[in-house]
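Chain residues, written in single-letter form:
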Amino acid sequence: MMKFWQRLVILCSSAFLMLTVVYFYNDNQIHSHVSRARLRESHLWPLISQSFSLDRSDEMCHFKITANSHPNISTYDLYQQTNFNVNPDGSYEMPSPPPDYPNKSDWDLEPLTVIVVPHSHQDPGWLKTVDEYYIDQTKHILTNMVNKLTEYPNMTFVMAETVFFSMWWNELEDAVKVHVRRLVRRGQLEIVMGGWVMPDEASTHYTSVIDQLVEGHQWMWENLGVKPQNSWSIDPFGYSGTMPYLWKKAGMDNMVIQRVHQSIKGSLISRQSLEFNWRQAWDSKGTTDIQCHIMPYMLYNIKFTCGPNKYICLLFDFRNIPHEYSESRSKAITNENIEKQAKYLYQQYRKKSYLYKYNTILVPLGDDFRYDYEIEWDQQYENYALLMNYMNSKKEWKIHVKFGTLKEYFKLMRKEKSFKMAHGHDKGLPVLSGDFFPYSDQNSEYWSGYFTTRPFDKKFSRDVQQHIHAADILNTLAFAYFKKWNMHNQNRFFRYSSFLQKARRSHGLFLHHDAITGTAKSYVVIDYETRLAHAYNDTQHVMAMAIQALLSKGKVESPVVFKPETVRPRFNKQPEKQVIEVKESGTVVVFFNPLAQHRQEVVRVITNTDHIVVKNDRNKIIPYQINPVWEDKTTVSGTSFEIVFIVELSPFGIAPYTLIRVDFFDWNQVYPAKISMFNTDELIVAPEAPFYQNRPKKESVVPVIIENDNYKLMFETKTGSLQVVVNKLTGNRTDINLEILAYHSQGSGAYLFYPAGEAKSIFYDDIPVIRVIEGPIMSQVQVIFHPVLTHTVTVYNHPPLQAAGIFITNNLNMIAFREKEIIMRMKTSINNKDSSYFTDQNGFQLIKRKTNNNLRIEANYYPMTSMGVLEDEKQRLTLHSGQSHGVAGLRAGWFEVMLDRQTIYDDNRGLSESVEDIKPVTSDFVLMLEDRQQKNHQKHFHYALPSLLSISVGDFLQTPIVAYFSVLDTEVFHNTFKPLSSALSCDTTVTSFRSLATANLVYNGTSLILHRRGYDCAFPVKGVQCSVSDNSVSLGSLLKDFPPRAIRETTLTHLYKKGVVELLSPLKISPMELAAYHILW
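Worth saying up front: this structure is predicted, and the values here are computed from it rather than measured.

Enquirer: Would you mind showing me how to read the pairing of strand β8 (residues 290-294) here?
Expert: Successive residues of a regular strand alternate their side chains across the two faces of the sheet. Of all 5 residues in β8, 5 are buried; the element is thus mostly enclosed. In this sheet, β8 lies alongside strand β6 (residues 254-257) in parallel orientation, the contact comprising 4 bridges. When the bridges of β8 are listed, Val256 appears paired with His293. Where strand β7 (residues 275-278) meets β8, 4 bridges bridge the pair, whose relative direction is antiparallel. Across the sheet, the residue bridging to Trp278 is Ile290, located in β8.

If you want it as structure tokens, here you go:
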């Protein structure tokens, strides 16, 4: 007979054996279920119903080989060749004329023409809100302008910001408007640039820059009859190479800029190249050339514009307002002092002319918010009139000084240039390609911090941009189809357009160079955020109304029953997914595709139940994956679930999917995720939850692995760091070594980045909780450093395009990290031997960068709007970004992105504040690794082209699917809307499809802007969801279902007509180019 302890041992052993068998049986069941799902692709996962031609365009492949601007000056080389020496006073060394210049005799002196341009730089928000600035200053500036230009008929003025002009215009009597138009016709008032604002050039996306430019130019044309010919961008903190292209395409011929690194200005002066033709790096013919003038000295105010001696220049700022502090040292011009004062000014003009190639110089006369007092107009005009008359009367000085505008300056300068070229004395202006980042004004202090400052708002802006783009398309489609259906359109268009106009102007305002940059006062930032929140909500309202109208064919417009799947609860909160209530009768979720290509994509929605059936737009049941929603680090919600499935959408299409609540799972269609936990022994899941679970592992030395058919990702268990990516198609292994680090600041501010040394870990010995979610559609690693960071890496198994990317999300709250600037750094095995890499410019093109090891870290930071690229002879790494950031490649194989920054210092650039209004922020990225199939023959080029696959993957972040839902299940919404009769090829994207409106919100035609994106033929295209090239597509075939009455090709903002477009003529857009059309229905 067995003893008790023996029976107990046998009983425990049996129980252990049974549990072990059950554990492994369940684990095998999990793997079997997941594997079965992945193996049954043709039955389980919807294949895209279209077939695509993958033949590359010969034109595009030849373009990459030959497209080089061959400039006289490349800024890439210029930054490597320049000496960045600093004088004892903090200024940079610059060439200057001899002390006795001009030392020629009277007869040998060349005639000099000086155009003095009065101006007032008006920031629509910085130290005050846009409304406060308008009420306190701008309103008075513009009113004084009308009165004083009328009083002084030979005085002039230039104005740039349409946002202020429109505010003022709306308050004017008609008689005053007549006076303003007369001043324009007389040439006394010139509208320069004419966009809604003077935009930042580092953080803005080109589609939104175009949008605000169209808004400003259309307003100016309708109200003033003005077509801006010259760009005036004197205050952005560095200059992109994309903007000259946009200004040129909009019909402008000349541009003026100011904030270029002072040492770079010095290098240009030594080449006599402060004026040049700015050409795109990929333009081999010079068709993109625009003439650019750089102001030579540190700032655009009077202190720095008359000549090299700022103390002498201060003698000629005649503003004198009682009880106002001023640096001015001026005295009124009298008969007694005019000879002496005129000679001082004459000498400064001559010394300034030494820096330029031609004997016509530009002298701005103004500063921030100048001419807000009537008396200043009198003071400046009367004193300068006396000086001008005196200097012009001195025949031996051979100088002619007058008030003028940019138009007059460039006309005279071009005339002189043409004369000299015609007589063989001159070869014309040099050609320059590249950009002017980063910017430094003095003391080796670099304005590279603002590339990242307040990333919450940079992300907010990108979200609103995407909403406006989608809402514009839906509004335009609704207008066209209501006409086709012969239904009343005017009231609907008025309602939609009023929402869109407010949203567009609020977002346009935020592109201002002290808004999206994050460099305004904290209370002004709140004003911007509030406007963005209204824009976000207004565009959502338009989309809901338009989707409902289009799906119901105009039958159900009210009440609006569709709700957005993602909302922003407050202006200072991040977007949140709504929990969708799934009913037994069905809840319809509709998806809109803002791309003009077919789209198959994984979508993820949150529901209040996991017991559902998902039906597609053809009423067929489709499979879905269930992911956990987390209540905290280790607790899975029992009331909310993430439902993951694949949708298929036509170009610009809307498709309804129905979620129906059921009592039982259909295990052939439902795939609960498997949950694994590391660095914790806790996992709390409700007993009735469907998820498969691995036992939590408190300690593990085995790498965490997730994979799909393309990639195998390996993570270090202790830190959660992505270490290695294996390309399963080729077997190539790439080290990634992703780290989250921080720079400690020693004086960084809103503008400046000034680190104390190398970046270091912010988590030290902290060990994160790691959650691994695996399923047949997607798998994910979540690394939680609570409460600071949740770092998430996701791979998708289907569809092939989405499976080509590694999706990275950082949810960061750095409120506890003062004086820190947090980065995500990858130390890869990419062998870019010369440490060169590429960043995008405004989402439009890639430009080459190279770290200058002679300069500090902050001098080697550059803006990235949407993409960065590292590559060697065999492989390319691309990091797509959902918002703008500062980035650097400090060593070979390294690439880092600054995620957020908290500064406790004011950096003495006028803001008088630190940046401590920290908010949690989400930053989204997609990482790609591609093997080069052809040798790179263009290594010496200073630009690059993304692969076609990379372009398509980038659209996941830049043009996301829009989702709405309704608990009202009715057959009227079960229609699939497919407006386009054909799709655009992969390389062509719709930059704008927008209905224009007059001041009274009456339809004024439709703006269609297409961009043919250049791509590199050396990389695979497998996985794209569009034809690589399609020469048969015409606007007529594209819009066949709602044919337009007329189409004209125009300049970018539709102010100049180029020609009539035949509906059936194939689209012919050269690589990299934008094409704009004005359409009438």
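Enquirer: Before we go on, may I ask you to explain the pairing of strand β21 (residues 636-649) in this structure?
Expert: Of all 14 residues that make up β21, 12 are buried, and the element is covered over most of its length. Note: strand β17 (residues 599-607) against β21, 9 bridges, orientation antiparallel. Counted as the bridge partner of Arg599 is Leu649 from β21. Bridging between strand β20 (residues 624-630) and β21 involves 5 bridges; their strand directions are antiparallel. Pairing of Asn627 across the sheet is with Glu642, part of β21. Linking β20 back to β21 in an antiparallel pair, the connection comprises 5 residues.

Enquirer: Sorry if this is basic, but what is going on with the sheet that holds strand β46 (residues 962-966) here?
Expert: In sheet architecture, strand pairing relies on hydrogen bonds along the backbone and comes in two forms, parallel and antiparallel. Sheet architecture is open: 6 strands sit in the order β12-β46-β16-β22-β18-β19, paired in antiparallel fashion. Two strands close off the open sheet at either side, each with one partner strand: β12 (563-564) and β19 (621-622). Of the strand pairs in this sheet, strand β18 (residues 612-615) and strand β22 (residues 654-661) are connected by 4 bridges, and their pairing is antiparallel. Across the sheet, the residue bridging to Val613 is Ile660, located in β22. Contacts from helix α17 (residues 522-551) reach β12, β16 (587-592), β22 and β46 within the one sheet, and its direction differs from that of β46 by about 70°.

Enquirer: Explanation requested: the packing of helix α8 (residues 206-224) against helix α9 (residues 242-249) in the structure shown.
Expert: Two numbers describe a pair of packed helices, the interaxial angle and the distance between the axes. Contact geometry for α8 and α9: axes closest at 11 Å, N-to-C directions at 35°. In this structure, the crossing between α8 and α9 has a hand that is right-handed. Two secondary-structure elements touch here, α8 through Tyr206, Val209, Ile210 and Leu213 and α9 through Thr242, Met243, Leu246 and Trp247. Here the residues of the contact of α8 with α9 sort into 7 nonpolar, 1 polar and no charged.

Enquirer: Help me understand the sheet that holds β8 in this model?
Expert: Strand order in this open sheet of 6 strands is β1-β11-β7-β8-β6-β5, and the pairing throughout is mixed. Looking at which strands have only one partner, the edges of the open sheet turn out to be β1 (73-74) and β5 (230-233). The pairing of β1 with strand β11 (residues 431-433) spans 2 bridges and is parallel. Each residue of the ladder has a partner; that of Ser74, found in β11, is Ser433.

Enquirer: Just checking my understanding: could you explain a negative patch on the surface for this structure?
Expert: Among the surface-exposed residues, Glu631, Asp632, Asp681 and Glu682 lie close enough to one another that they form a single negatively charged patch. Checked against the element boundaries, Asp632 lands in the loop between β20 and β21.

Enquirer: I would appreciate a short explanation of the packing of aromatic side chains in the present structure.
Expert: Describing an aromatic ring pair means giving the distance of the ring centres and the angle of the ring planes. As enumerated under the stated definition, the model contains 55 aromatic pairs in all. Between Phe276 and Phe436 the ring centres are 6.2 Å apart and the planes differ by 45°, which places this aromatic pair in the tilted class. Residue Phe276 is located in strand β7, and its partner Phe436 is located in the loop between β11 and α15 (455-484); the two are separated by 160 residues in the primary sequence. The exposure classification of Phe276 matches that of Phe436, with both residues buried. Ring plane angle 10° and centroid distance 3.8 Å describe the contact between Phe763 and Phe785, whose orientation is recorded as stacked. Note that Phe763 is positioned in the loop between β31 (760-761) and β32 (769-774) and Phe785 in strand β33 (residues 778-785), a separation of 22 residues in sequence. Considered together, Phe763 and Phe785 belong to a single accessibility category, that of buried residues.

Enquirer: How should I be thinking about the state of the cysteines in this particular structure?
Expert: Here a disulfide denotes one covalent bond, and it connects the sulfur atoms of two cysteines. Counted according to the given criterion, the structure contains 3 disulfides. The disulfide partner of Cys61 is Cys1017, and the S-S distance across this bridge is 2.0 Å. Its torsion about the S-S bond being -90°, the disulfide of Cys61 and Cys1017 is classed as left-handed. Of this pair, Cys61 sits in helix α3 (residues 58-66) while Cys1017 is found in the loop between β48 (1003-1012) and α20 (1035-1038), placing the two residues 956 residues apart along the sequence. Paired through a disulfide, Cys986 and Cys1026 show a sulfur-sulfur distance of 2.0 Å. Because the sign of the S-S torsion sets the handedness, a value of about 115° for the bond joining Cys986 and Cys1026 places this disulfide among the right-handed ones. Taken as a pair, Cys986 in the loop between β46 and β47 (988-997) and Cys1026 in the loop between β48 and α20 lie far apart in primary sequence, 40 residues in all. Its relative accessible area of 6% is what places Cys1026 among the buried residues.

Enquirer: Looking at this structure, how should I read the nonpolar core?
Expert: The nonpolar side chains of soluble globular proteins are, as a tendency, buried together. Core analysis: the largest hydrophobic core is formed by 232 residues, its most contacted members being Phe165, Tyr349 and Phe436. Setting aside anything within four residues of it in sequence, one finds Phe436 in contact with Thr75, Tyr79, Gly238, Tyr239, Ile257, Val260, Ile264, Leu268, Phe276, Trp278 and Ile294. Ile473, Ala478, Phe562 and Ile1047 belong to the second largest nonpolar core, which has 54 residues in total.

Enquirer: Explain the environment of Gln465 here, please?
Expert: Within the fold, Gln465 resides in helix α15. C-alpha of Gln465 to C-alpha of Arg504: the two residues are 39 residues apart in sequence and 8.5 Å apart in space. Among all residues touching Gln465, those that are not within four sequence positions of it are His205, Thr207, Ser208 and His507. Side chain to side chain, Gln465 and Thr207 meet in a polar contact 3.0 Å long.

Enquirer: What's the story with helix α19 (residues 948-958) in this structure? I'm lost.
Expert: Side chains of residues three or four places apart in an α-helix project in the same direction, reflecting 3.6 residues per turn. Counting buried positions along α19 yields 11 of 11 residues, so the element is predominantly enclosed. Residues of α19 that are buried include every one of Leu948, Leu949, Ser950, Ile951, Ser952, Val953, Gly954, Asp955, Phe956, Leu957 and Gln958, and no others.

Enquirer: Just to check I follow, could you spell out the pattern of salt bridges for this structure?
Expert: Within the structure shown, the criterion is met by 54 salt bridges. As a salt-bridge pair, Asp463 and Lys459 come within 3.8 Å of each other at their nearest N and O atoms. Of this pair, Asp463 and Lys459 are both found in helix α15, 4 residues apart, which corresponds to roughly one turn of the helix. You can call Asp463 buried: its relative accessible area is 8%. Relative accessible area serves as the criterion here: at 14%, Lys459 is assigned to the buried category. With its nearest N and O atoms 2.9 Å apart, the salt bridge here joins Asp463 to Arg568. Highlighted residues: Asp463 in helix α15 and Arg568 in the loop between β13 (566-567) and β14 (576-577), separated in sequence by 105 residues. Across the pair, exposure class does not vary: Asp463 and Arg568 are buried alike. When salt bridges that share partners are traced, they join Asp211, Glu215, Asp472, Arg504, Arg505 and Arg994 into one network.

How each quantity is defined
Residues numbered from 1 in each chain as written. Predicted model: local features only at pLDDT ≥ 70, side-chain atom pairs only at ≥ 80, totals over all residues. Heavy atoms only, no water. Buried < 20%, exposed > 50% of the residue type's maximum accessible area, 1.4 Å probe, protein only. Helix = DSSP H or I, 4+ residues; strand = E, 2+ residues; numbered from the N terminus. Pairing = 2+ DSSP bridges. Contact = heavy atoms within 4.5 Å. Axes fitted to C-alpha atoms, helices over the stretch in contact; angles between N-to-C directions. Left-handed = near helix turned anticlockwise from the far one by under 90°. Nonpolar A, V, L, I, M, F, W, Y, C, P; charged D, E, K, R; others polar. Patch = residues over 30% accessible without salt bridge, like charges linked within 9 Å, V, L, I, M, F, W, Y side chains within 5 Å. Areas by Shrake-Rupley, 256 points an atom, 1.4 Å probe, with all protein chains shown as cover. Salt bridge = Lys/Arg side-chain N within 4 Å of Asp/Glu carboxyl O. Lys, Arg positive; Asp, Glu negative; His and termini not counted. Charge placed at Lys NZ, Arg CZ, Asp CG, Glu CD. Phe/Tyr/Trp six-rings, centres within 6.5 Å; stacked < 30°, edge-to-face > 60°. Disulfide = S-S within 2.5 Å. Core = buried A, V, L, I, M, F, W, Y, C linked by side-chain atoms within 4.5 Å. Polar contact = N/O pair within 3.5 Å; in protein donor to acceptor, adjacent residues only side chain to side chain.

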